[in-house]
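Below are the chains, spelled out letter by letter.
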Amino acid sequence: MKASFRLLALAAALAASAAQAHQIWLEQPAAGQNPVIRFGEFGENLREASPGLLDRFGQPTATLLSSRGESPLAVTKTADGFRLAGRPAAGESIVAEDAAFPLRKFKQGDKEVTSWYRPAARFATRLDAQQPRLDFDITPTGKQGEFRVTFKGQPLPKAKVQVLVQSGWAKEEHADEQGLVHFDLPWKGQYVIEASHIDRTPGERQGSNGAEKYDGVNYVTTLTFVKTGGAAAIAAGPAAKPNQ
């Protein structure tokens, strides 16, 4: 499976029928259409659907970020994602996350562990310098091919980061001490940059049935953007079949 650095603990937190780590990403399917939150494997052209793994989501939220401030966007579930009630203008961004993804229990040796999988995504219309907004975030710095990984607003050194395109090409790098990572972006088209992080601090959150305790949080976050210049993009393979 591509993105081999992804965490086994995260895979265990997902359904056994799809024992693989997924990400969410934001994409604009076509000009003039509103962005959609996808769940699956971008590099494998896999978009989970409903009925299926898409139904495991809790309650994804989305926020439009502009020079005028922040505006929440309504999110509507469809058969292959969550469509947003609005789209960004040039220079604007959107962030989305599911902070209510159901907790999962799994065995780690002789111990039962409760894991919180917390997926998030950012969509940028331009790669101008941006400030972190998500707890675990990837933001452009304004320099060509440079991005910063942050955790709770602070740079995350040595973070493992991947850049992916839909053809399946991927490259992995480690962020430096300032949380910075650099990638060559040779092709036109859509890119997804992904990072993962485990916070092993136990905690408690409010769920639909009251307080829920967890042993750690598995963060997976992405940044999506479309590059208009460069070599012609490599064609994507056939769409992968969603998991049930």
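Residues numbered from 1 in each chain as written. Predicted model: local features only at pLDDT ≥ 70, side-chain atom pairs only at ≥ 80, totals over all residues. Heavy atoms only, no water.

A.B. asks: Whenever I open this one, unusual backbone geometry confuses me. Can you help?
C.D. replies: Note: most peptide bonds trans; most residues except glycine with negative phi. The peptide bond linking S50 to P51 adopts the cis configuration, its omega dihedral lying at 5°. Positive phi, normally seen in glycine, also occurs at K152, with a value near 50°. Accessibility expressed as a relative area gives 51% for K152, which makes it exposed. The backbone phi angle of K158 is positive, close to 65°, even though this residue is not glycine. Examined against the element boundaries, K158 turns out to sit in the loop between strand 13 (154-155) and strand 14 (160-164). (Buried < 20%, exposed > 50% of the residue type's maximum accessible area, 1.4 Å probe, protein only. Helix = DSSP H or I, 4+ residues; strand = E, 2+ residues; numbered from the N terminus.)

A.B. asks: What is the right way to read the pattern of salt bridges from this model?
C.D. replies: Overall, the coordinates contain 13 salt bridges when judged by the stated rule. Between E27 and R47 there is a salt bridge, and its shortest N-O distance comes to 3.1 Å. Taken together, the residues span a long stretch of sequence, with E27 in strand 1 (residues 23-27) and R47 in strand 3 (residues 46-47) at a distance of 20 residues. Note on E27: relative accessible area 5%, which makes it buried. We note a salt bridge from R122 to D137, for which the minimum N-O separation is 2.7 Å. One end of the pair, R122, is in strand 10 (residues 111-124); the other, D137, is in strand 11 (residues 136-140), and 15 residues separate them in sequence. Using a relative accessible area of 0% as the deciding quantity, one classes D137 as buried. Each member of the salt-bridge network shares a partner with another, and the members are E27, R38, R47 and D80. (Salt bridge = Lys/Arg side-chain N within 4 Å of Asp/Glu carboxyl O.)

A.B. asks: In this structure, what is going on with the packing of aromatic side chains? I would like to understand it.
C.D. replies: How two aromatic rings sit relative to each other is given by the distance of their centres and the angle of their planes. Inspection of every chain in the model, using the stated rule, returns 11 aromatic pairs. Look at W25 and F42: their rings are 5.6 Å apart centre to centre, the planes differ by 70°, and that puts the pair in the edge-to-face class. Note that W25 is positioned in strand 1 and F42 in the loop between strand 2 (36-41) and strand 3, a separation of 17 residues in sequence. Judged by relative accessible area, W25 falls into the buried class, the value being 0%. For F42, a relative accessible area of 0% corresponds to the buried category. Their ring planes at 90° and their centres at 4.9 Å tell us that F39 and F57 sit as a pair that is edge-to-face. With F39 in strand 2 and F57 in the loop between strand 3 and strand 4 (61-66), this residue pair connects regions lying 18 residues apart in the sequence. (Phe/Tyr/Trp six-rings, centres within 6.5 Å; stacked < 30°, edge-to-face > 60°.)

A.B. asks: Looking at this model, I keep getting lost on the confidence of the model for the chain. Mind explaining?
C.D. replies: Where the model shows low pLDDT, its predicted coordinates should not be examined in detail. With 91% of its residues at a pLDDT of 70 or more, the chain has an overall mean of 89. This model gives residues 1-20 a pLDDT under 50, and the stretch forms 56 contacts once residues within four places in sequence are excluded. (pLDDT = per-residue confidence, 0-100. Contact = heavy atoms within 4.5 Å.)

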